[in-house]
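# Coordinate inspection notes
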Amino acid sequence: MIGRFSFARLGAMVRKEFIQVRRDRLTFAMMIGIPVVQLALFGFAINSDPKHLPTAVVVEDHSAFSRSLLASMQASDYFDLVETHARIDAAQGMLRDGDVQFLLTIPTDFARTLVRGERPALLLEADASDPAATSNALAVLDPLVRSAMTAELRGPLASLATASAPFEWNVHRLYNPEGITQYNIVPGLMGVILTMTMIIMTALGVTREIERGTMENLLAMPVRPLEVLIGKILPYVLVGYVQVLVILLASHYVFAVPIVGSLAWLVICVLVFIVANLTVGITFSSIARNQTQAMQMGFFFFLPTILLSGFMFPFRGMPHWAQMLGEILPLTHFLRLVRGIMLKGYGVAESWPNLWPLMVFTAVVLAIGLKRYRQTLD
Amino acid sequence: MSTANDSWAIEVKGLSKSFGAKRVVDQLDLQVRRGEIFGFLGPNGSGKTTSIRMLCGLLTPDAGRGQCLGYDILSDSARIKREVGYMTQRFSFYEDLSIRENLEFVAAVYRMPRQRTVVDEALRELGLSDRQKQLAGSLSGGWKQRMALAACLLHRPKLLLLDEPTAGVDPSARRDFWAEIHRLAASGITVLVSTHYMDEAERCHRLAYLAYGKLLAQGSPTELVTTSGLSTWTVIGGDIDRLQHELLQLSASEQVVPFGNSLHVSSADGAELERQLQSYFERPDLRWTRDQVRLEDVFIHLMRGAADNYAEGAAR
Ligand SMILES: Nc1ncnc2c1ncn2[C@@H]1O[C@H](COP(=O)(O)OP(=O)(O)O)[C@@H](O)[C@H]1O
Ligand SMILES: [Mg+2]
């Protein structure tokens, strides 16, 4: 009777924590502030219209067309032509080293094949680690090429210029084979923001009681560890949902990200992810001796989460060991879930492979937290 | 389940606790009768808080055993927690919760029946009904202490552990507080209260004196005075400062303490003190009277002995 879990005591804990969360201005500021700031930062990066991007051109076709294209690229302020007659290997080195963002190759006999109506291809190699820039570059380049072309295609050939596609684009996105676009980034941001705020908020939960001296009183009362830990988690589920709401509204109205799948299903999957992160935070909190330690653990967890989950770098591009680590992290699975649901319309069956790892993770972490929760002041 | 001797509310033997290399409580034996007010005295850092925490299961003793309300302190702390009210030295209720919310939390955690009524009654008794929405953090020291006591009593404990409840509380509030403690004891609740105020020591039924983690004496105030074997003289008149200096030189005088314009001289060896004071007794400007030994003299006497032992122990 004494050792058993009591919903009445859990209720008391939840009520108490809820009142405290409500009165804590910092929590409130974090709840709204972090999503807004992060969305603004990333959103700005996504929406920004970059200019003067360093570009190299390899000209293998010495024709009037090439000269005219180069001239108009030079005139456009989107590109900064660093090298106009580069050798192919040297230019590729520049791209690799990050000296240029784009490498445009005009292949041998481009103009001639164009005139013959054989639909030649222009090769654009892009450093797509800044994914938004690549699609913009195409949007700028395409009309430039077309106008340079019209000068070439005169008289009887004029009909070719107006044809739908007298040439092809051959685009190589380097360093970002998955081609992450803003559609991917905004849902991903939801995961990053939730990870950050949920862990930080709960990581302070138990240590705050210790530092304020209220832990002594709490321990002197007949509350069970599980009741304390769950009681400290539940109010933040609501906080998490407020953030989700802010992000979803922003992604819909500001970034126009479509939601292909079911919103209800998304909300359920988000719950699993929120609980996973809250559990991490509360476990850190019961391991740490003070708030500083709890914060350090939080950041220690946050760093690999950002780096290895596929948010920052494409997951399949990472070395095997990093992928193994990444598979443990909740954000990895959540990114697949949220992108899957929002962009590809995942249902229950498609989501399951990424849902159960989150649940297992939560159970294991909670067990560690319970084991490490100190029931005395020793 | 109860032990053989039901008249003890607390009975522990050989309780010890170290933090690192430092032995904070050393072989503590304690016996507290049901229904009595038991004073726990000792200077700061003598291990009072640590001992109390071991009694209610907040710290695990390194050695020793015992029972509290008939429950084993090592294996049954969950039961002890339900029947004990522990008021911590530092205010440890939630400052960002209102008075009422704090009491409601306590009532719910103890799963009390009729929680709303219980809280209402407690607030009325406290005289805080109209301030129940005020945050606990905004209360003054005296009110915090009263709120904490009310919260500790909410679940009708059989034993109250009060850790320096009156530290930093003004004299009249202290008097009210002690009146309340006596009322509680009269209603059958056992009270263990730590303090370092001497006047409070006198109000306890029995006392334990702790220094450097060791129990130096245990008994009723009169027992402590008698067993100390101290004799005290009071003197009025003359140049008090000079007299104090002179009397301190005497080998038999242990304590020479000024009180207003009188001096208090005490010694463990009364006969020898009288012999050495003979010449002073004959001085016409001084008026000597045989005085009652006070608890304070006893504790200072005990402390000296302990300090000597401690220094010896450290030197060895
Ligand atoms: N958690 C702890 N860790 C290390 N030392 C402690 C701890 N708690 C108490 N102490 C030390 O133990 C000694 C006794 O402390 P305490 O029991 O609080 O004494 P009291 O209550 O009589 O003032 C002090 O010297 C204190 O510094
Ligand atoms: Mg203390």
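If you're wondering where the values come from, they're calculated on a predicted model, not measured in any experiment. Residue numbers here run from 1 along each chain, matching the order of that chain's written sequence. Chains carry letters from A onward and ligands carry numbers from 1 onward, assigned in written order. Under the rules for a predicted model, residues below a pLDDT of 70 receive no local features and side-chain atom pairs below 80 are neither given nor counted, while totals for whole chains, interfaces and linings still include all residues. The basis for the side-chain values is all heavy atoms of the structure; hydrogens and waters are excluded.

This next bit is on the overall build of chain A. Here a strand is any run of E in DSSP of at least two residues, a helix any run of H or I of at least four, and the numbering for each starts at the N terminus. In terms of regular secondary structure, chain A is built from 16 helices and five strands. Here the term buried applies to any residue with accessible area under 20% of the maximum for its type, exposed to any over 50%, and partly exposed to those in between, with areas from a 1.4 Å probe on protein chains only. Taken across its 378 residues, chain A has 51% of its residues classed as buried. Looking at chain A alone, contacts between residues at least 24 apart form 80% of all its contacts between residues at least 6 apart. Counting only carbon and sulfur atoms, one obtains 64% of the accessible surface of chain A, whose full area is about 17000 Å². We call two residues in contact whenever any of their non-hydrogen atoms come within 4.5 Å of each other. Accessible areas in this description were obtained via Shrake-Rupley with a 1.4 Å probe; residue shielding takes into account the shown protein chains only.

Further remarks concern the sheet that holds strand 2 (residues 22-33) of chain B. Residues and elements named next belong to chain B. A pair of strands is treated as paired once DSSP finds two or more bridges between them. Spatially, four strands are ordered 2-1-4-5 in an open sheet, and the strand pairing comes out antiparallel. Each of the sheet's edge strands pairs with one partner strand only, and the pair in question is strand 2 and strand 5 (71-72). Pairing geometry for strand 1 (residues 8-19) and strand 2, over eight bridges, is antiparallel. Residue pairing in the sheet places S18 in a bridge with R23 of strand 2.

All names here are of chain B. Per residue, pLDDT measures the predictor's confidence, with a range of 0 to 100. Mean pLDDT for chain B: 90, with 96% of residues reaching 70 or above. Within chain B, the element-level pLDDT minimum falls on helix 11 (residues 295-315), averaging 76, and the maximum on helix 3 (residues 99-109), averaging 97. Predicted complex, confidence summary: ipTM 0.88, pTM 0.80.

Every protein donor of the magnesium ion (ligand 2) is listed here as B:T49 (OG1) and B:Q89 (OE1), and their distances to the metal cover 2.0 to 2.2 Å. Of this pair, B:T49 sits in helix 1 (residues 48-55) while B:Q89 sits in the loop between strand 6 (84-87) and helix 3, and the two are 40 residues apart along the sequence. Counted as coordinating are nitrogen, oxygen and sulfur atoms within 2.8 Å of the metal, or 3.2 Å for Na, K and Ca, while water is not included, which may make sites look incomplete.

Residue and element names in this part refer to chain B. The criterion for a residue being near a molecule or strand is simple. One of its heavy atoms has to lie within 4 Å of it. Taken together, F19, K22, V24, P43, N44, G45, S46, G47, K48, T49 and T50 form the complete shell of residues around ligand 1. For this analysis, a polar contact is any N or O atom pair within 3.5 Å, provided that within protein one partner can donate a hydrogen and the other can accept it, and provided that sequence-adjacent residues contribute only side-chain to side-chain pairs. A distance of 2.6 Å is found between an oxygen atom of ligand 1 and a side-chain nitrogen or oxygen belonging to K22. Considering ligand 1 on its own, with 560 Å² of exposed area, one finds that the protein chains cover 65% of that surface. Within the residue set of the shell around ligand 1, elements represented by two or more residues are strand 2 and helix 1. Here the element with the most residues in the shell around ligand 1 is helix 1; it accounts for three residues.

On to the packing of helix 12 (residues 263-287) of chain A against helix 16 (residues 348-372) of chain A, then. Residues and elements named next belong to chain A. Orientation of helix 12 relative to helix 16, taken along the N-to-C sense of each, is 20°, at an axis distance of 9 Å. By the angle between their axes, helix 12 is roughly parallel relative to helix 16. Every pair of crossing elements has a handedness; the one defined by helix 12 and helix 16 is left-handed. In this structure, helix 12 contributes W265, C269, V272, F273, V275, A276, T279, V280, T283, S286 and I287 to the contact, and helix 16 contributes V348, S351, L355, L358, M359, F361, T362, V365, L366, I368, G369 and R372. Grouping the constituent residues of the contact of helix 12 with helix 16 by class yields 16 nonpolar, six polar and one charged. Where helices are involved, their axes are fitted lines through C-alpha atoms of the stretch in contact, as for all axes, and angles between N-to-C directions lie from 0 to 180°. By definition in this entry, angles of less than 35 degrees are roughly parallel, angles greater than 145 are roughly antiparallel, angles of 65 to 115 are roughly perpendicular, and the rest are oblique. Each crossing gets its hand from how the near helix is turned against the far one by less than a right angle, where anticlockwise is left-handed and clockwise is right-handed. The residue classification treats Ala, Val, Leu, Ile, Met, Phe, Trp, Tyr, Cys and Pro as nonpolar and Asp, Glu, Lys and Arg as charged. All others, Gly included, are polar.

Residues and elements named next belong to chain A. Across the sheet, five strands lie side by side as 2-1-3-4-5; this open sheet has mixed pairing. Both edges of this open sheet fall to strand 2 (79-83) and strand 5 (168-174), since each of them pairs with a single strand only. For this sheet the average axis-to-axis angle between neighbouring strands, irrespective of direction, equals 25°. Bridging between strand 4 (residues 121-127) and strand 5 involves seven bridges; their strand directions are parallel. Within strand 5, the residue paired with A121 across the bridge is E168. Contacts between helix 4 (residues 88-97) and the sheet are confined to strand 1 (53-59), strand 2, strand 3 (102-106), strand 4 and strand 5, with strand 3 contributing the most and set at about 160° to the helix.

Turning our attention to the side chain of B:E164. Residue and element names in this part refer to chain B. Topologically, E164 is positioned in the loop between strand 7 (159-163) and helix 6 (171-186). Note on E164: relative accessible area 8%, which makes it buried. Other than its neighbours up to four places away in sequence, E164 contacts N44, K48, Q89, S194, T195 and H196.

Moving on: the interface of chain A and chain B. Listed by partner, the interface residues are 28 residues for chain A and 27 residues for chain B. Counting each side, the surface lost to burial between chain A and chain B is near 2700 Å², with a carbon and sulfur contribution of 58%. When a carboxyl oxygen of Asp or Glu lies within 4 Å of a side-chain nitrogen of Lys or Arg, that pair is called a salt bridge. Between B:E101 and A:R23 there is a salt bridge whose closest N-O contact spans 2.9 Å. One can count 15 residue pairs in polar contact (both at pLDDT 80 or more) joining chain A with chain B. Of all the secondary-structure elements, those providing two or more residues to the side of chain A that touches chain B are helix 1 (7-23), helix 9 (205-212) and helix 10 (214-220) of chain A. Broken down by element, the residue count for the side of chain A that touches chain B peaks at eight residues, all from helix 1 of chain A. Looking at side-chain class alone, the side of chain A that touches chain B contains 13 nonpolar, seven polar and eight charged residues. Here the quantity called buried area is the accessible surface, traced with a 1.4 Å probe, that two parts lose on coming together, added over both.

Glancing now at the domain arrangement of chain A. The domain limits used here are those given by an automatic or database domain assignment. When the domains of chain A are assigned, the result is domain 1 (53-174) and domain 2 (181-377). One C-alpha centre belongs to domain 1 of chain A, the other to domain 2 of chain A; they are set 45 Å apart.

Residue and element names in this part refer to chain A. It is at 8 Å that the axes of helix 1 and helix 11 (residues 225-253) come closest, and there the two elements cross at 45°. As the angle between them shows, helix 1 and helix 11 are arranged oblique. For the pair helix 1 and helix 11, the sense of crossing is right-handed. Judged by residue contacts, R9, L10, M13, V14, K16, E17, F18 and V21 of helix 1 engage E227, V228, I230, G231, K232, L234, P235, Y236, L238 and V239 from helix 11. For the contact of helix 1 with helix 11, a count of residues per class yields twelve nonpolar, one polar and five charged.

Time to look at the nonpolar core. The biggest cluster of nonpolar side chains holds 145 residues, and the ones touching the most others in it are B:I10 and B:L192. Broken down by element, this core gets its largest block of residues, eleven residues, from helix 8 (residues 182-203) of chain A. Once you skip the residues sitting within four places of it in the chain, B:I10 turns out to touch B:L30, B:Q31, B:V32, B:L55, B:Q67, B:C68, B:L159, B:L161 and B:L192. We define a nonpolar core as any set of buried Ala, Val, Leu, Ile, Met, Phe, Trp, Tyr and Cys residues linked to one another through side-chain atoms lying within 4.5 Å. Counting residues in each nonpolar core, the second largest holds 27 residues, with A:L53, A:L81, A:I106 and A:L122 among its members.

Next up on the list: the domain arrangement of chain B. One can read the domain layout of chain B as domain 1 (8-225) and domain 2 (231-292). If you average the C-alpha positions of domain 1 of chain B and of domain 2 of chain B, the two centres end up 40 Å apart.

Attention now goes to the pairing of strand 6 of chain B. Both faces of the sheet carry side chains from a regular strand, because those side chains alternate between them. Residues and elements named next belong to chain B. Residues V84 and Y86 line one face of strand 6 and the alternating positions G85 and M87 line the opposite face, and both faces are buried. Judged from the four bridges that link them, strand 6 and strand 7 form a sheet pairing that is parallel. Along strand 7, the bridge assignment pairs V84 with L159.

Moving on, we come to the environment of A:G231. Take A:G231: it is sitting in helix 11. Sequence-distant contacts of A:G231, that is, excluding residues within four places in its chain, are made with A:L10, A:M13, A:V14, A:E17 and A:L226.

The next subject is the packing of aromatic side chains. Residue and element names in this part refer to chain B. Any pair of Phe, Tyr and Trp rings, taking the six-membered ring for Trp, is counted once the centres come within 6.5 Å. Such a pair is stacked with planes under 30 degrees apart, edge-to-face with planes over 60 apart, and tilted for the rest. Counted under the stated rule, the structure contains 13 aromatic pairs over all chains. Taken together, a centroid distance of 6.0 Å and an interplanar angle of 50° make the contact between F91 and F93 tilted. Accessibility classification places F91 together with F93 in one group, the buried group. Ring centres of Y94 and F105 lie 5.8 Å apart, and the angle between their planes is 80°; on these two criteria the pair is classed as edge-to-face. Of this pair, Y94 sits in the loop between strand 6 and helix 3 while F105 sits in helix 3, placing them eleven residues apart in sequence. With relative accessibility at 4%, the residue Y94 sits in the buried group.

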